[in-house]
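# Descriptive structure summary
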Amino acid sequence: MRKSIQITIDPQTYADKKQLEKIISKKADIDSKYLSYIINKESLDARKNPVYHLDVMVSSNNDLPSIDPEPFLNVSNSMEVIVVGAGPCGLMAALKLIQKGLKPIIIERGSEVENRKKDVANIVRNEPINEESNFCFGEGGAGTFSDGKLYTRSNKKGNVDEVLRLLVYFGAEKEILYQSHPHIGTDVLSRVVKNIREEITKCGGEYLFDTKVENFILRDNEVIGVTTSEGEVIMASKVILATGHSAADIYQLFYDNNWLIEMKPFAMGVRVEHPQELINEIQYHNKDYSSLLPPAEYSLAANYNDRGVFSFCMCPGGIVVPTPEKEGIMVVNGMSNSSRSGKFANSAVVVSVNEKDAEEFSEFGALALLKLQQKWEKQMYFDRRICPSQRLDDFIKGKVSSVLADSSFKPGLVSANMEERLPNFVTENLKAGFTEFNRKMKGFITKEANIIGLESRTSSPVRIPRDKNTMQHPQLKNLYPCGEGAGYAGGITSSAIDGINAANKIATELGV
Ligand SMILES: Cc1cc2nc3c(=O)[nH]c(=O)nc-3n(C[C@H](O)[C@H](O)[C@H](O)COP(=O)(O)OP(=O)(O)OC[C@H]3O[C@@H](n4cnc5c(N)ncnc54)[C@H](O)[C@@H]3O)c2cc1C
């Protein structure tokens, strides 16, 4: 018989598996010899003396539910569906298609993860960027070289669980199934992505790497295939478009053909980087829990002049990386390994950007916010991957830093007046936001922190609309715009869920 129990324990007990099992067995009133259990939910409360709250399902006769996914079928001779983009959205869509008996043909402009690792290493070494294989493009999408945070605001638990279970099946740690803030880390993510490829190809699905989709083939207003950069014409009755939000050429394709797209508000700002120890001290109240607790996180938000300013995509123990997909622009982001053992804590701190801010680009219609994003990415450019930066205390005072704080940013930082490289409203809101954050987390504004720019790829500045029921583009039948690039998701987990939903829709429509 299964039952659910709740326990609250200190970090020492949490770290000692034997002790933890003893407590579970006592609370469940089951002899430890017969005890089996799974943790359903775990959260760390560090507001006072840190404690873990656990929600545990226990059983005395080993009848706990399986976490294995729906079986993957042999689809070698099945009906084909094109999936454009091998990011979290495209890959999860492809897996679901296989579970439904459909054959995915995955077309990816970038390289396989093994080769992509070299391209990414070149960027960090300040060598030329491969414009088709980098932090944004290539197998696994923008999520591969990331922190791999998996929490999402999506509250459809069943959907979130399905994604997490698939990730575990393909090599992620089981802990992600119950942690309140699960994360994978780039070392594990690249392995997971490779394992997914092996399963997809074993089942008869196909990948075309280093192949960019350049256009759609239409019959009347129906998409019946795509053309690629390799001169191929690939036909299929359904096309999932999961190209992510850095594929500006896809938005341009829609714009040039007068296919419906819309502006979508996004957010822009900087990455702030502190020593991790300092964040631990603030969050864990100066007590030394370093050997027992994970590197501390934070999540902060404020409002100034009717605009939101908020921390986003925080990477404890991570590094700041340059993520432009081409020369002449500067964009940054954060990533980490599963251990999150680095010396620094970084987070985006960004300000909401809306249609009104892009009036100077109104002639570009639905692309106006994209043009605004591109303008400020160019403005942040200095020299290859050397990145403009300012100490946080100096930024608040409006003073150029004579010395920058230590940083994880490998290509190198150059001291700059960040106000000149950011829109005025972003500067004003960042200053107000940081000041408020410092009230909530005393010591946040410090000479030990730098701001590094530009953080602009927070979400898509364009939406490719779709019908709520069919998930198809209103003008282009059989085209399923999905994931972050279509403006229907933000982050790894929600993009993956969106891909699964699209594949389910297609299966229903095709009657399989
Ligand atoms: C450094 C970094 C760290 C991040 N950290 C996190 C994090 O910790 N947690 C989190 O939730 N999110 C994080 N994100 C964001 C997350 O990666 C994205 O939200 C997510 O990957 C979006 O998934 P997607 O499949 O919709 O698009 P993408 O992951 O962008 O994938 C799109 C794919 O389509 C391909 N493509 C584009 N155009 C074409 C074309 N014309 N033809 C063929 N292929 C094409 C691209 O090469 C790419 O592989 C991070 C992003 C970056 C860059």
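Basis of the calculations
Residues numbered from 1 in each chain as written. Predicted model: local features only at pLDDT ≥ 70, side-chain atom pairs only at ≥ 80, totals over all residues. Heavy atoms only, no water. Phe/Tyr/Trp six-rings, centres within 6.5 Å; stacked < 30°, edge-to-face > 60°. Helix = DSSP H or I, 4+ residues; strand = E, 2+ residues; numbered from the N terminus. Buried < 20%, exposed > 50% of the residue type's maximum accessible area, 1.4 Å probe, protein only. Lys NZ or Arg CZ within 6 Å of the ring centre and 35° of its normal. Salt bridge = Lys/Arg side-chain N within 4 Å of Asp/Glu carboxyl O.

### Some details on the packing of aromatic side chains
Under the counting rule described, the total for this entry stands at 16 aromatic pairs. When the centroid spacing of 5.2 Å and the interplanar angle of 90° are considered together, the rings of tyrosine 298 and phenylalanine 444 count as edge-to-face. Taken together, the residues span a long stretch of sequence, with tyrosine 298 in the loop between helix 8 (276-283) and strand 13 (301-304) and phenylalanine 444 in the loop between helix 11 (424-440) and strand 20 (450-455) at a distance of 146 residues. Its relative accessible area of 5% is what places tyrosine 298 among the buried residues. Through a chain of ring-to-ring contacts, the aromatic side chains of Tyr298, Phe395, Phe434, Phe437 and Phe444 assemble into a single cluster. For the cation-ring pair, arginine 109 lies above phenylalanine 137, with the distance from its terminal atom to the ring centre recorded as 4.1 Å. Here the guanidinium or amino end of lysine 371 rests over the ring plane of phenylalanine 364, the centre of that ring lying 4.8 Å away.

### Here's the deal with the pattern of salt bridges
Tallied over the full model, the rule gives 37 salt bridges. Put simply, arginine 2 and aspartate 63 hold a salt bridge, and the shortest N to O gap is 4.0 Å. Separated by 61 residues along the polypeptide, arginine 2 in strand 1 (residues 2-9) and aspartate 63 in the loop between strand 3 (51-59) and strand 4 (80-84) bring together distant segments of the chain. We note a salt bridge from glutamate 436 to lysine 440, for which the minimum N-O separation is 4.0 Å. Residue glutamate 436 and its partner lysine 440 are located together in helix 11, separated by 4 residues, close to a single helical turn. Take glutamate 436: its relative accessible area is 23%, and that puts it in the partly exposed class. Lysine 440 gets classed as partly exposed once you look at its relative accessible area, which sits at 45%. Connected via shared salt-bridge partners are Arg391, Asp393, Asp394, Lys397 and Lys399.

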